[in-house]
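# Observations on the model geometry
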Amino acid sequence: MKKHTPYSDFIQQVPHLGNEFEDDFFLNDYLRTYMPAQTLAEIKPDLKRFGGRVGRDFLVWAREAEVNEPTLTQFDAWGNRVDEITLADGWIQLERVAAEDGLVAIAYEREQKEYSRLYQFVKLYMYTASSAIYTCPLAMTDGAARLIEIFGDKFLKGEPFDGLTSRDPKKFKTSGQWMTERTGGSDVARSMTFAYPDGEHYELKGHKWFTSAITADMAFTLASTEQPQEGKRASLSVFHLPIRNPDGKLNGIVVEALKDKLGTRALPTAQLELTGAKARLVGEKGKGVKTISTLFNITRIYNTVSAISYMRRAYALPKAYATQREAFGKNIGKHVLYEKSLKKLEITYQSNLILGLFLTRLLGKEECNLASETEQSLLRLLTPVAKLYTAKQAIKSASECIEMFGGMGYLEDSGIPSILRDTQTLSIWEGTTNVLSLDMLRAAEKENGLNAFAVYSKELMKQNYPASLTDFHTRISIKLNTFFGFVSSAKSAEDMVASSRDVAFYLAELTIALLWLDFLRLHPKKEEYTQTLNYWLTYKMSDASLNEAEVLGFVKTETIKS
Ligand code: MFK
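Notes on the structure follow. This structure is a prediction, so every number in the text was calculated from the model and none was measured.

### Quick word on the nonpolar core
- The biggest cluster of nonpolar side chains holds 152 residues, and the ones touching the most others in it are Tyr30, Tyr127 and Leu138.
- Residue contributions to this core peak at 17 residues, all from helix 10 (residues 288-322).
- Ignoring anything within four residues of it in the chain, the contact list for Leu138 reads Ala98, Leu103, Val104, Leu124, Tyr127, Phe172 and Tyr302.

Listed below in structure tokens is the structure:
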């Protein structure tokens, strides 16, 4: 009789990440192309060390934080209101390394000058998918530091700024950004928080429906100094408030509840009542939305880079699995369809990374006063575009990643489902896809964004390209004509609004194509990436989104009207 192999003893090897810096060949090629060799040589040991930790201790802490969700204790045994939030140790460790590794500080030390943002965001790109999204408090902290740099008074530029940008875990402070209310998520002007003068400062009364990171040290929030008037939009201002008073008690804040969310479960998102929180005005009174946009434009770049971090993870995990799992007589990575799925995930993360890192280069230049007017307008235009585009791509990649693990990917204790849950928030918080499409229009029209894109793309297309890239150059020229032809064909402001989302997707993909062309022009081993650009132009840039705009754009507006 035939002897059976004891399959019942089989245990699947767990797929492990390697060094997320060394293993990311494209990231290395990118940095060699766009960062001065001396700067790269200086930061490389740090990136290598950090990349080695991402798949080890960070991941263990993230998992621990994910399964031990924050809890809120509202009263002590004697009936005193305490509103204490208990956090997992993993979450606290992730904050500690964020401080020690300068995940915010690097941007403000500016030791790498205009490349400081690129350096910082490369670390954040490796960190996010292993951080249970501790990146959220970091994003708001960074945005707050930038807000202080631009609008802060002497007080804010002192201890608060030093705390937000410190590398010392004992001194490091985080900030929240409170905008969302019951009345307004996207439309923040419907705010019902009021600021009452109190000596030199204000007392805030109102309600905040979603406040990420109530465990922060401070927050920047919107409130109105005027009572609502029929038919008039509230004129909002930005206020800074410490979360706690010097005696450790909450500063006129009652924590009503912690939110029960689909994902980002380690993050303590709270619902608050402000019962007279002491706060100081930041920037010009009545210019609150404009002022706080400095903060949320930074968090939108964090959102972009975080989305790409998850895309990379959604590729790196099944890639590790490819050599460990066997089916139908060979490793699954040797099956052509698995290999093709991996290739698509690879192209997705690399193409999105080329867009995300471009933004960080522009931001770095802007903050060192080296960006031209065109570059500043381009940064403004591409910030909402990249945010909305990358968020959607991350969700798709996360879903594909789960499937590539089969049933294992669907098991909570594999740690894989949280990738899908967490990416789902990226297209919601910091502005939904529709709201950001409108922001793209605002930037395109009001802040010279479209013109800047025209100037920039022209400049790029004028460079010298080797014969091997001529075909790509021609195809991208045609896409540029299609794009500018489409946007100039809009007959009314309503047409622009109706097609803005489709235009935003096309613009993201067109920018990526341009950036690939630039990368190939500069990179010595072009042949390694030509297949990628070919795929991008043939498959991703099929003009489908603009066709959709033509077919559906106006029908949708009619549907709403009826
Ligand atoms: C891991 C990644 C990081 C994640 C961190 C997550 C933390 C979550 C914490 C949250 O707070 S989530 C909630 C986030 N909420 C939003 O992002 C709000 C989304 N809604 C919008 O963005 C709306 O477009 C907006 C509230 C800005 C609309 O408000 P208004 O008052 O109707 O805007 P309006 O009147 O068009 O613009 C007012 C001014 O702001 C104008 O300038 P001027 O006063 O000079 O004319 C605009 O040009 C300017 N402005 C608006 N958006 C801007 C901007 N300026 C620069 N950049 C922008 N993005």
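### Digging into the site of the ligand
- Taken together, 31 residues surround the ligand, and among them Ser186, Arg233, Asn297, Arg300 and Lys446 come closest.
- Isolated, the ligand exposes 1200 Å² of accessible area, and the fraction of that covered by the protein chains is 83%.
- Put simply, the parts of the chain that give the shell around the ligand at least two residues each are helix 7 (135-151), helix 10 and helix 14 (433-446).
- Ranked by residue count, the leading element in the shell around the ligand is helix 10, at 10 residues.
- The residue inventory of the shell around the ligand, partitioned by class, reads 10 nonpolar, 11 polar and 10 charged.
- Three or more residues apiece are contributed to the shell around the ligand by two domains, here domain 1 (25-164) and domain 2 (175-290).

### A look at the packing of helix 11 (residues 336-367) against helix 18 (residues 527-540)
- Axis separation between helix 11 and helix 18 bottoms out at 11 Å; the angle between their running directions is 85°. Looking at the two axes, helix 11 sits roughly perpendicular to helix 18. Of the residues in helix 18, those in contact with Lys343, Lys344, Ile347, Gln350 and Ser351 of helix 11 are Tyr529, Gln531, Thr532, Tyr535 and Trp536.
- For the contact of helix 11 with helix 18, the per-class residue count stands at 4 nonpolar, 4 polar and 2 charged.

### Some remarks on the packing of aromatic side chains
- Overall, the coordinates contain 26 aromatic pairs when judged by the stated rule.
- A ring pair is formed by Phe26 and Trp516, whose centres lie 5.2 Å apart and whose planes are at 45°; its orientation type is tilted. Taken together, the positions of Phe26 in helix 1 (residues 25-34) and Trp516 in helix 17 (residues 493-522) put the pair 490 residues apart, joining distant regions of the chain.
- On the basis of relative accessibility, which here comes to 1%, the residue Phe26 falls in the buried class.

### Some thoughts on the pairing of strand 1 (residues 71-75)
- Here strand 1 pairs with strand 2 (residues 81-86) via 4 bridges, running antiparallel. Bridge pairing in strand 2 links Leu72 to Ile85.

The rules behind these values
- Residues numbered from 1 in each chain as written.
- Predicted model: local features only at pLDDT ≥ 70, side-chain atom pairs only at ≥ 80, totals over all residues.
- Heavy atoms only, no water.
- Core = buried A, V, L, I, M, F, W, Y, C linked by side-chain atoms within 4.5 Å.
- Buried < 20%, exposed > 50% of the residue type's maximum accessible area, 1.4 Å probe, protein only.
- Helix = DSSP H or I, 4+ residues; strand = E, 2+ residues; numbered from the N terminus.
- Contact = heavy atoms within 4.5 Å.
- Near = heavy atom within 4 Å.
- Areas by Shrake-Rupley, 256 points an atom, 1.4 Å probe, with all protein chains shown as cover.
- Nonpolar A, V, L, I, M, F, W, Y, C, P; charged D, E, K, R; others polar.
- Domains from an automatic or database assignment.
- Axes fitted to C-alpha atoms, helices over the stretch in contact; angles between N-to-C directions.
- Parallel < 35°, antiparallel > 145°, perpendicular 65-115°, else oblique.
- Phe/Tyr/Trp six-rings, centres within 6.5 Å; stacked < 30°, edge-to-face > 60°.
- Pairing = 2+ DSSP bridges.

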